Amino acid sequence: MSEVKLAAETRTEFGKGAARRIRRESKVPAVVYGHGGDPVHITLPGHELQLALRTPNVLLTLDIEGKSQLAIPKAVQRDAIKGFLEHVDLLLVKSGEKVNVEVYVQTEGDLAPGAFILEHVLSTLTVEAEATHIPESVTVSIEGLEAGASILAKDIELPEGTTLAIDEDAVVLQVLAAQSEEPSDDAADESAEA
């Protein structure tokens, strides 16, 4: 798990106009909340935050007015067209505290020979892990699986200190037999006319 340090500035201006001014300065408006305290509105350096958010479930060390606090991203809003960060919600965490997060499910290996399709029923798994030891992803072997095989959440080996936060019988991956399409009557008629 990677940890990134960012300098944060508290902000007192709110609304669209203030948010636009912040973004013009290459910064991102954000809010930090958690542990029963009042939400704190801050601005973060845009480029550094963009780089940090490339890592799933990144642990951020925020320097807010000389006070260091740990936080993880909970919601990230991006511009739909240009992709720049518009706003970020951060959740305060403490070392040793357990949090629920989603981790990506990655596969390794090859399916059995034949016309099989691997369906990712769940692309992420909700797990409970210590805030300072959140795994970036979990890896599942699909080596030699055939049609009808499925991998349940309980079948996935999780890193030490990490537990499932979803139904253990939830299907994560399943292998299907590829379907060959029969040519439709319209397609057959068109080829006969040509």
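Read on for an overview of the structure. Worth saying up front: this structure is predicted, and the values here are computed from it rather than measured.

Considering the side chain of Thr124
Phase 1: Considering the arrangement of structural elements, one finds Thr124 in strand 9 (residues 124–130).
Phase 2: Side-chain polar atoms of Thr124 contact the side chain of Glu102, separated by 3.2 Å.

Structural notes on the nonpolar core
What tends to happen in soluble globular proteins is that the nonpolar side chains get buried as a cluster.
Phase 1: Core analysis: the largest hydrophobic core is formed by 22 residues, its most contacted members being Leu125 and Ile156.
Phase 2: Elements represented by at least two residues in this core include exactly strand 5 (67–78), strand 7 (98–108), strand 9, strand 10 (137–141) and strand 13 (171–177).
Phase 3: Core analysis: the next-biggest nonpolar cluster, separate from the first, contains 19 residues, Ala8, Val58, Leu85 and Leu92 among them.

Quick word on the sheet that holds strand 8 (residues 116–120)
Note on sheets: strands pair through backbone hydrogen bonds, and any given pair is parallel or antiparallel.
Phase 1: Strand order in the open sheet made by the 3 strands is 8-13-11, with antiparallel pairing throughout. On the outer flanks of this sheet lie strand 8 and strand 11 (150–152), each paired with one strand and no other. Pairs of neighbouring strands in the sheet enclose a mean axial angle of 10°, with direction left out of account.
Phase 2: Bridge count between strand 8 and strand 13: 5 bridges; the pairing is antiparallel. Bridging across to strand 13, Ile117 finds its partner in Leu176.

Definitions and cut-offs
- Residues numbered from 1 in each chain as written.
- Predicted model: local features only at pLDDT ≥ 70, side-chain atom pairs only at ≥ 80, totals over all residues.
- Heavy atoms only, no water.
- Helix = DSSP H or I, 4+ residues; strand = E, 2+ residues; numbered from the N terminus.
- Polar contact = N/O pair within 3.5 Å; in protein donor to acceptor, adjacent residues only side chain to side chain.
- Core = buried A, V, L, I, M, F, W, Y, C linked by side-chain atoms within 4.5 Å.
- Buried < 20%, exposed > 50% of the residue type's maximum accessible area, 1.4 Å probe, protein only.
- Pairing = 2+ DSSP bridges.
- Axes fitted to C-alpha atoms, helices over the stretch in contact; angles between N-to-C directions.

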